[in-house]
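# Survey of secondary and tertiary structure
Chain by chain, the residues run as shown.
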Amino acid sequence: MKLYCITLFFLVISQIGFAQKDQFTITKNEWGKEGKEKIFLLDLQNPNGMHIQLTNYGAILVRAEVPDRHNNFEDVVLGFDSLAQYQQPNPLFGATVGRFANRIRNGAFEIDGVVYHLDTKGGKHSIHGGGEFSSALWKVEKTFKRKEEAGVVFSYFSKDGSHGFPGNVQSKVTYTLTKNNEIKIDFEAKTDKDTHISMTNHSYFNLNGMKRSIVDQEIRIDANTITAIDKDIVPTGQLEEVRNTEKDLTVQKPIGENIFKLANNGYHFCYVFNKEINKPKKVIEVVDPTSGRTLSVVTTQPSVQFYTGNSLDGSIIGKGGKAYGKHIAFCLETQHLPDTPNHPNFPTSMVKAGETYHETVIYQFGVD
């Protein structure tokens, strides 16, 4: 009887340990304030040990620690150690961008004969919606834990006329961490007036944990064309064929293979996916041969701005005192095509009054 009780005791303990290991964890702590409003840092971890951090300031992805082929975990996104650094001007590390990602020529577009003039921050063109969403204080609507996933829902209300855009827009961003080491981001918005919406996440990735540049990492993008651009990186309205050129990424190759042959020694192009509009598809694959980490991107969005950190020059000091230099990371900003409101031949970004905008991107991490 005594032996039976001891055996039962250890069986129960082992089951408790297994259950704990098989669960997601979410913690929420105050990180700072903006005026009287609290700003939070939220930690999510899945049963595999993958760990991400989020903040409601800018609905930012602060950290993403993922395993390499030897199960060593490293952070693979650029960012800062303190909230104060995110509150200063920066390249929008990890931020949610809206109302309209990327550029709108001359900061203007027309709807039903009415011309709307957007905030250009003193420049010539509107960029990333004037920085509204990326510096907004989002509300933490809720956190959730399910058997296969856990996540956080952020919400933000943008008033009619904010930064020049028409319509009262209620937006929502849902970050979900899955058991399969995926970060799923759902973007939603409802408007009471016809308007243009294109939201994206502005994370900078480096699969080797920022120990080296990204030039040896290999990438494939399922896109035969890019948006042709002018000197201001604004689309002309034409699509440019990239196959068999230095911009061709239809076949997996090292990022550094052609990077120094391009203007400004880097990629800064909007690749238009070979896919149906609004249908999810795996469209991007990245591999770091040294660590074995892989990143696949599944999205409903029609295009991606692939940017290789060409403007970073070491003057920005990030996590752990690391100076972020040129080509230390890349962006994969899935979005509607830049300047779509001024190009009726592009897939529409118009959201009608009463309609709901909804797009999804899934960053799938693995090992090779």
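Predicted model, so just to flag it, every value in this text is computed and none were measured. Throughout this description, residue numbers start from 1 for each chain and increase along the sequence as written. Totals for whole chains, interfaces and linings use every residue, but because this is a predicted model, local features are given only for residues with pLDDT of at least 70 and side-chain atom pairs only at 80 or more, for both listing and counting. The side-chain values count all of the structure's non-hydrogen atoms but skip hydrogen atoms and water molecules.

## Here we look at the layout of surface pockets
Grid points spaced at 1 Å over the protein atoms alone were grouped into cavities, where a 1.4 Å probe fits but cannot get out, and pockets, open sets with protein on both sides within 12 Å along at least five of seven lines, with lining residues defined by an atom within 4 Å of a point. Grid points are joined across faces, edges and corners, and a volume is the space filled by probe spheres set on the points. When its volume is computed, the largest pocket comes out at roughly 540 Å³. Contributing to the lining of the largest pocket are 31 residues, with N90, P91, L92, H128 and H202 lying nearest its centre. Volume-wise, the second largest pocket comes out at about 270 Å³. In this structure, the second largest pocket is lined by 17 residues; those nearest its centre are I229, A263, N264, H268 and F269. Elements with a contribution of two residues or more to the lining of the second largest pocket: β19 (225–229) and β22 (268–272). Numbered from the N terminus, helices here are DSSP runs of H or I no shorter than four residues, and strands are runs of E no shorter than two. With 3 residues, β19 is the largest single contributor of residues to the lining of the second largest pocket. Looking at the lining of the second largest pocket, its residues break down into 7 nonpolar, 6 polar and 4 charged. Classification convention: Asp, Glu, Lys, Arg as charged; Ala, Val, Leu, Ile, Met, Phe, Trp, Tyr, Cys, Pro as nonpolar; all other residues, Gly among them, as polar.

## Digging into the pairing of strand β9 (residues 114–117)
The pairing of strand β8 (residues 108–111) with β9 spans 4 bridges and is classified as antiparallel. Among the inter-strand pairings, E110 is bridged to a residue of β9, identified as V115. Where β8 folds back on β9, the antiparallel hairpin that results is connected by 2 residues, among which D112 adopts a positive phi of roughly 50 degrees. For two strands to pair, DSSP has to find at least two bridges joining them.

## A closer look at the sheet that holds strand β12 (residues 149–158)
Spatial strand order, β11-β12-β13-β14-β30-β24-β23-β18-β21: 9 strands in an open sheet with antiparallel pairing. Single-partner strands in this sheet number two, and they are β11 (139–145) and β21 (253–254). As judged from the 2 bridges shared by strand β18 (residues 218–221) and β21, these two strands associate in the antiparallel manner. Residue pairing for β21: E218 is matched across the bridge by P254.

## Brief notes about the packing of aromatic side chains
Paired rings are identified among Phe, Tyr and Trp, the last through its six-membered ring, by centres lying within 6.5 Å, and are further divided according to the angle between planes into stacked (under 30 degrees), edge-to-face (over 60) and tilted (the rest). Applying the stated criterion across every chain yields a total of 18 aromatic pairs. Taking the centre distance of 5.1 Å and the plane angle of 80 degrees together, the rings of F80 and Y86 count as edge-to-face. Grouping residues by exposure puts F80 and Y86 together as buried. Note on F109 and F165: the rings are 6.0 Å apart at their centroids and 45 degrees apart in plane angle, and the pair reads as tilted. Taken as a pair, F109 in strand β8 and F165 in the loop between β12 and β13 (169–178) lie far apart in primary sequence, 56 residues in all. Think of it in three bands: with a 1.4 Å probe and only protein chains considered, a residue is buried below 20% of the maximum accessible area for its type, exposed above 50%, and partly exposed in between.

## Observations regarding the sheet that holds strand β2 (residues 37–45)
For sheets, the rule is that strands pair by backbone hydrogen bonds, running either parallel or antiparallel. With antiparallel pairing, 5 strands are arranged side by side in an open sheet as β1-β2-β3-β4-β5. The open sheet is flanked by β1 (25–34) and β5 (73–75), the only strands paired with a single partner. Looking at each pair of strands side by side, their axes are set apart by 15 degrees on average, direction ignored. Here strand β3 (residues 51–55) pairs with strand β4 (residues 60–67) via 5 bridges, running antiparallel. Looking across to β4, one finds that Q53 is bridged to R63. Where helices are involved, their axes are fitted lines through C-alpha atoms of the stretch in contact, as for all axes, and angles between N-to-C directions lie from 0 to 180°.

Treat this as a map of the structure, not an account of what it does.
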